Amino acid sequence: METQGDRDQQKEPRKAPLARMFGLVIGAIVLALSMGIGVSACAGAGGDERANDDPQGVYDGQEEEGALEPSETASAALNGTVSTDPNLKIAFIGDTGTGSSFTSVLNLVLSEGAAAVVVNGDMSYSANPTTWWNQVESVLGTTFPVFISRGNHDDSSWSGYLPKAANHLGGATRVAGAHDANYKTTFRGLVLVTAKKGDNGATHITPFLDTDTHIWKICQWHQNQAAMQVGGKGDEMGWDVYETCRKQGAIIQTGHEHSYERTRTLTNMTSQTVDPTCNGAGVLCVGGDGTNGRTFVTVAGLGGNSIRSQTRCTPTTFPYGCSNTWGFIYTSNQSANYGAQFITFNVGGNPKAATGYFKTISGTTAETFSITHD
């Protein structure tokens, strides 16, 4: 028969672990004091006082060399640079006008699931920002992200575009530059630097990109150099802005010529030198350190106004002339239709991979391509 003494003896072993734990805690405190360590350092979760200042659980209590600080996002990519949102799709158009074809292009942007549209200038050919924005908002709504640049047909009415443009940032942050058509927009991890004719790299581009830690960067303006389009346009932008963006590894988006064309990967814009290590027509590479870099150029001028012919870099069938500069050309000679270029960043779980295509308002996918960031 079990006695009270037996039951008391069975309770004793349960007390021992508690006593030992208490003794260990006291010993740890004494040791900490003897080493000159504040007791408060032991009070936070994970043994680190910063855990007490982390109610959202951003900091995990581990301190490793190269570990992310709490202020950095979880999307920070390799080499300490910051990625876009996964599968971020952006539409690129230009030379839109305000006719029915532009409405069809806007509907295409919406149906393809783009998160934003980048407009490479020449919105209204009648200097009418109100009509243009009304048309945009009739399809996309009053807050859809729309990022514009100043074209030659926008010069006289540019200030009229800006109030509505501020309503169409879609949560993006914007940093002002040297004038009201020069700014840096950061949208879901994608950086766009917008410039205009007459701007230069040192003043209008480098300050925005030189210390930027995002992976994907875009330079956006309207006019071209003659060699950077396949129609009748002359030298207008100067090579400095092209070269500055190339050295930063920024994708270059332009308009002005009313057609669609895209270069191969270039290591020199002035001489249109194709990168021998990444020379595929539809396989592109970008990256740069501010001194050396490579990228590609797009003319997205089929936004709705008109469609022009190919007058340079013939033949009109692939492979084209001009020392294989061009990966794809789409003009009236190729029976082009209005449409938009779409690029999706951070695809397949790889922050440094992107895919792109050009699609027409009739539903034809004219071309596809891939991009790898160094």
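To be clear, the structure that these remarks concern was listed above.
The paragraphs below set out a description of the structure included in this document. For clarity, every value in this text was computed on a predicted model and none was experimentally measured.

**Looking at empty space enclosed by the protein**
A water-sized probe, rolled over the atoms, reveals where empty space remains. Applying the stated criterion across every chain yields a total of 1 cavity of 30 Å³ or more. Lining the largest cavity are I93, F102, L106, V117, V119, W132, V136, L140 and V146. By residue number, the principal contributor to the lining of the largest cavity is helix 3 (residues 129-140), which donates 3 residues. Broken down by class, the residue content of the lining of the largest cavity amounts to 9 nonpolar, no polar and no charged.

**Describing the state of the cysteines**
Under the definition given, this model contains 3 disulfides. The partner cysteine of C219 in its disulfide is C245, sulfur to sulfur 2.1 Å. With the S-S bond torsion at -95°, the cross-link from C219 to C245 turns out left-handed. With C219 in strand 7 (residues 217-220) and C245 in helix 7 (residues 239-247), this pair connects stretches of sequence that are 26 residues apart. Here the two residues C219 and C245 agree in accessibility, since each one is buried. Covalent S-S linkage joins C278 and C285, the inter-sulfur distance amounting to 2.1 Å. The chirality of the disulfide connecting C278 with C285 is right-handed, given an S-S dihedral of about 85°.

**What about the pairing of strand 12 (residues 283-288)?**
As a general feature of sheets, a regular strand has side chains that alternate between the two faces. Sheet topology places strand 12 next to strand 18 (residues 365-373); 4 bridges connect them, and they run parallel. Bridge pairing in strand 18 places C285 opposite T372. Where strand 12 folds back onto strand 13 (residues 293-294) in an antiparallel hairpin, the turn is made up of 4 residues, including G290, whose phi is positive at roughly 95°.

**Focus: the packing of aromatic side chains**
All chains considered together, the criterion is met by 15 aromatic pairs. Where W239 meets Y242, the ring centres are 5.5 Å apart and the plane angle is 55°; that geometry is what we call tilted. Here Y242 and W239 lie together in helix 7, a separation of 3 residues that amounts to about one turn. Residue classification places Y242 among the buried positions, given a relative accessible area of 0%. Between the aromatic rings of F296 and F369, the centroid separation amounts to 6.1 Å while the plane-to-plane angle is 65°, which identifies the pairing as edge-to-face.

Quick notes on the rules
Residues numbered from 1 in each chain as written. Predicted model: local features only at pLDDT ≥ 70, side-chain atom pairs only at ≥ 80, totals over all residues. Heavy atoms only, no water. 1 Å grid on protein atoms, 1.4 Å probe; cavity = no way out; pocket = protein on both sides within 12 Å on 5 of 7 lines; lining within 4 Å. Points joined across faces, edges and corners; volume = space filled by probe spheres on them. Helix = DSSP H or I, 4+ residues; strand = E, 2+ residues; numbered from the N terminus. Nonpolar A, V, L, I, M, F, W, Y, C, P; charged D, E, K, R; others polar. Disulfide = S-S within 2.5 Å. Buried < 20%, exposed > 50% of the residue type's maximum accessible area, 1.4 Å probe, protein only. Pairing = 2+ DSSP bridges. Phe/Tyr/Trp six-rings, centres within 6.5 Å; stacked < 30°, edge-to-face > 60°.

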